[in-house]
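So you can see what is in the structure, the chains are spelled out below.
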Amino acid sequence: MNVPNAIAFVNRDDVAIGYVTAAGSDIVLRVEYSEAGAVTVGAASAFNIAAGQNPQGIVVRHRTGNAAAYVANLISRDLSVLSFRDQRALGQVVSTAQPTNPASAEFKAWKGKRFFNTGTGIWSKEGWGSCQACHPMGLTDNVTWSFAAGPRQTISLDGQFASDDPSDMRALNWTAIFDETADFELNTRGVSGGSGALRDDVGRWPAPRARRRSSPSSWPRTAPPVRTTRPSTAR
Ligand code: HEC
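For clarity, every value in this text was computed on a predicted model and none was experimentally measured. (Residues numbered from 1 in each chain as written. Predicted model: local features only at pLDDT ≥ 70, side-chain atom pairs only at ≥ 80, totals over all residues.)

A short note on the site of the ligand
Worth spelling out the cut-off: Only the C-beta atom matters for nearness: placed from the backbone, it must lie within 6 Å of the molecule or strand for the residue to count as near. Under the DSSP-based scheme used, a helix requires at least four consecutive residues in state H or I and a strand at least two consecutive residues in state E, with every element numbered from the N terminus. Classification convention: Asp, Glu, Lys, Arg as charged; Ala, Val, Leu, Ile, Met, Phe, Trp, Tyr, Cys, Pro as nonpolar; all other residues, Gly among them, as polar.
Near the ligand you find 29 residues, and of these C131, C134, L172, N173 and W174 are the closest. Secondary-structure elements contributing two or more residues to the shell around the ligand are α2 (131-134), β11 (150-153) and α3 (186-190). Per-element tally for the shell around the ligand: the top contributor is α2, with 3 residues. Of the residues contributing to the shell around the ligand, the split by class is 13 nonpolar, 13 polar and 3 charged.

Structural notes on the confidence of the model for the chain
To keep things clear, this is the line we draw: On a range of 0 to 100, pLDDT expresses the predictor's confidence in each residue. What counts as a contact here is a pair of residues whose C-beta atoms, placed from the backbone, lie within 7 Å.
Per-residue pLDDT for the chain has a mean of 86; in total, 84% of the residues score no lower than 70. Taken together, the stretch residues 211-222 has pLDDT below 50 and engages in 24 contacts with residues farther than four places along the chain or on a different chain. In the predicted structure, residues 224-235 sits below a pLDDT of 50 and forms 15 contacts with residues beyond four places in sequence or in another chain.

Let's talk about the sheet that holds strand β8 (residues 78-83)
Quick note on the threshold: What makes two strands pair is DSSP finding at least two bridges between them. All axes are obtained by fitting lines to C-alpha atoms, using only the stretch in contact for helices, and the reported angles, taken between N-to-C directions, cover 0 to 180 degrees.
With respect to topology, 4 strands assemble into an open sheet ordered β6-β7-β8-β9, the strand pairing being antiparallel. Lying at the two open borders of the sheet, with one neighbouring strand each, are β6 (55-61) and β9 (88-94). Looking at each pair of strands side by side, their axes are set apart by 25 degrees on average, direction ignored. Strand direction decides the pairing type here: β6 and strand β7 (residues 68-73), joined by 6 bridges, are antiparallel. In the strand pairing of β7, V59 is matched with Y70.

Observations concerning the nonpolar core
Definition in use: Under the definition applied here, buried Ala, Val, Leu, Ile, Met, Phe, Trp, Tyr and Cys residues are grouped into a nonpolar core through C-beta atoms within 7 Å. To sort residues by burial, count the other C-beta atoms lying within 10 Å of each one's C-beta; a count of 20 or more means buried, 12 or fewer means exposed, and anything in between means partly exposed. C-beta atoms are built from the backbone. For each domain, the first and last residues come from an automatic or database assignment.
Residues V28 and V71 are the most contacted members of the largest nonpolar core, which totals 15 residues. For this core, the elements supplying multiple residues, two or more each, are β2 (16-22), β3 (27-33), β7 and α2. Among the elements that make up this core, the one with the highest residue count is α2 (3 residues). In this structure, this core is formed jointly by two domains, domain 1 (4-94) and domain 2 (119-233), each of which donates at least three residues. For V28, the residues in contact, after removing those within four places along its chain, are Y19, V20, T21, N48, I49, A51, P55, I58, V71 and L82.

Describing the environment of K113
Looking at where K113 falls in the secondary structure, it is placed in helix α1 (residues 105-117). C-alpha separation for the pair K113 and Q132, spaced 19 residues apart in sequence, amounts to 9.6 Å.

Given below as structure tokens:
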């Protein structure tokens with residue numbers, strides 16, 4: 001479950017049932033809390049419910065017999081209508097039309113946002129990671145990660161360009177080793193374990209091998225456990 005971001009509860013007295021949206025996984029997960037404190041995840045008929053792309057929020061429709069929920073999806077630009085009884089989406093209601101011209105700037109920005117936000121498919125192994133997981137809303141999780149180059153606190157992406165001059169861009173990373181956002185694609189494979197955007201004639205780009213000393217990359221091959229060192233103590 002990647003980037004859980006909203007929860008709504010079913011109106012019942014005997015047990016507390018919540019439905020959680022996961023923005024990076026395109027799913028809704030059922031979570032049941034018993035009075036004794038036990039937590040059960042998933043329903044007997046379905047472990048999770050597929051929503052649209054990048055679900056952001058969920059609202060439960062309380063109704064006897066056939067309670068349901070509406071889920072707002074940022075990238076697919078629609079609303080999923082879920083049935084709790086069936087544990088699946090019954091349909092989608094279109095909100096805004098999706099861009100259709102691959103050559104347009106709007107389409108490219110939309111695709112880029114999809115890549116940034118999702119951990120599905122080629123973008124991570126088993127939904128483990130996504131850009132937004134560390135850069136929520138393009139900002140920073142304030143976590144100091146233990147990367148191969150050393151402890152590194154996530155940098156907010158809102159300082160990449162001068163606010164009064166889009167041609168004035170900073171050198172990227174704490175050590176100023178990158179000069180464009182595309183350089184961070186390696187993160188898809190190195191940190192999140194996905195196969196990533198790069199392809200050649202023989203198929204998938206291989207996962208990076210152990211880092212050479214001369215490599216400018218600061219990305220580790222696998223992400224270590226999260227260390228939540230407070231910023232003030234990370235030097
Ligand atoms: C595991 C957490 C994590 C993930 C996932 C992650 N980042 Fe980052 N990001 C960081 C950290 C930590 C830094 C600072 C690294 C350094 O200075 O060596 C950073 C720095 C950056 C910067 C430099 C910003 C600046 O102004 O210097 C960019 C751009 C960036 N990330 C984009 C991305 C993109 C695009 C993705 C997805 C492909 C991504 N990040 C995924 C943690 C993450």
